[in-house]
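Observations on the model geometry
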Amino acid sequence: FTGTSVQMEWVPPPAMMHREVTNKDDSKTVWIFQTTGAGALRQKGLARASNGGLAVGMTLEITGFASKNGQPRGYIRTLKLPDGRLITVWYGDPNG
């Protein structure tokens, strides 16, 4: 998924990333992706926008797993930042 950040929730336990993704028909869908906790994100160098980190309007490439119920939700596995850094966020089994 490549999309633009529209909201970032840093509230524990997991942080939630809201991304606007352009569909094949050029319509837009806001996806909500679950990440790790805010502390783990900070350890990976992903801070709040006020600290030079993830900001609304930032375009990121995400790999992960979509929810099985068809809702626009999922889990992030990796984030590719605009500067080219690839950060692994989640290592778990989505079926576990």
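Going by the structure above, here's the rest.
What counts, and at which threshold
- Residues numbered from 1 in each chain as written.
- Predicted model: local features only at pLDDT ≥ 70, side-chain atom pairs only at ≥ 80, totals over all residues.
- Heavy atoms only, no water.
- Buried < 20%, exposed > 50% of the residue type's maximum accessible area, 1.4 Å probe, protein only.
- Helix = DSSP H or I, 4+ residues; strand = E, 2+ residues; numbered from the N terminus.
- Pairing = 2+ DSSP bridges.
- Salt bridge = Lys/Arg side-chain N within 4 Å of Asp/Glu carboxyl O.
- Polar contact = N/O pair within 3.5 Å; in protein donor to acceptor, adjacent residues only side chain to side chain.
- Contact = heavy atoms within 4.5 Å.

**Some remarks on the pairing of strand β2 (residues 16-22)**
Of all seven residues that make up β2, five are buried, and the element is covered over most of its length. As defined by bridge partners, β2 adjoins strand β3 (residues 28-34) across seven bridges and the pair is classed as antiparallel. Residue pairing for β3: Val 21 is matched across the bridge by Thr 29. What sits between β2 and β3 in their antiparallel hairpin is a turn of five residues, with Asp 26 showing a positive phi close to 70 degrees.

**Things to note about the pairing of strand β5 (residues 73-80)**
The pairing of β3 with β5 spans three bridges and is classified as parallel. In the sheet register, Gln 34 faces β5, and the bridge partner there is Tyr 75. With six bridges joining them, strand β4 (residues 59-66) and β5 adopt antiparallel strand pairing. Following the sheet pairing, Ile 62 is matched in β5 by Leu 79. Between the end of β4 and the start of β5, which pair antiparallel, lie six residues, with Gly 70 showing a positive phi angle near 85 degrees. One ladder, built from three bridges, connects β5 with strand β6 (residues 86-88); its direction is antiparallel. The residue bridging Lys 80 from the neighbouring strand is Leu 86, located in β6. The turn joining β5 and β6, which pair antiparallel and follow one another in sequence, is formed by five residues; a positive phi near 95 degrees is taken by Gly 84.

**Here's the deal with the pattern of salt bridges**
For the structure shown, the criterion picks out one salt bridge. Close ionic contact of Arg 85 with Asp 83 constitutes a salt bridge, the shortest N to O distance being 3.0 Å. Arg 85 gets classed as partly exposed once you look at its relative accessible area, which sits at 39%.

**Section: the environment of Gln 71**
Here Gln 71 shows up in the loop between β4 and β5. Among the residues examined, Gln 71 registers a relative accessible area of 42% and is labelled partly exposed. Measuring from C-alpha to C-alpha, the distance between Gln 71 and Leu 60 comes to 20 Å, with eleven residues separating the pair along the chain.

**Focus: the environment of Asp 83**
For Asp 83, the location among the structural elements is in the loop between β5 and β6. At 3.0 Å, the side chain of Asp 83 forms a polar contact with the side chain of Arg 85.

**A look at the side chain of Thr 78**
Residue position: Thr 78 is located in strand β5. Looking at Thr 78, its side chain comes within polar contact range of the side chain of Thr 63, at 2.3 Å. Residues in contact with Thr 78, not counting those within four places in the same chain, are Glu 61, Ile 62, Thr 63, Leu 86, Ile 87, Thr 88 and Val 89.

None of the figures reported here should be taken as evidence of function without further support.
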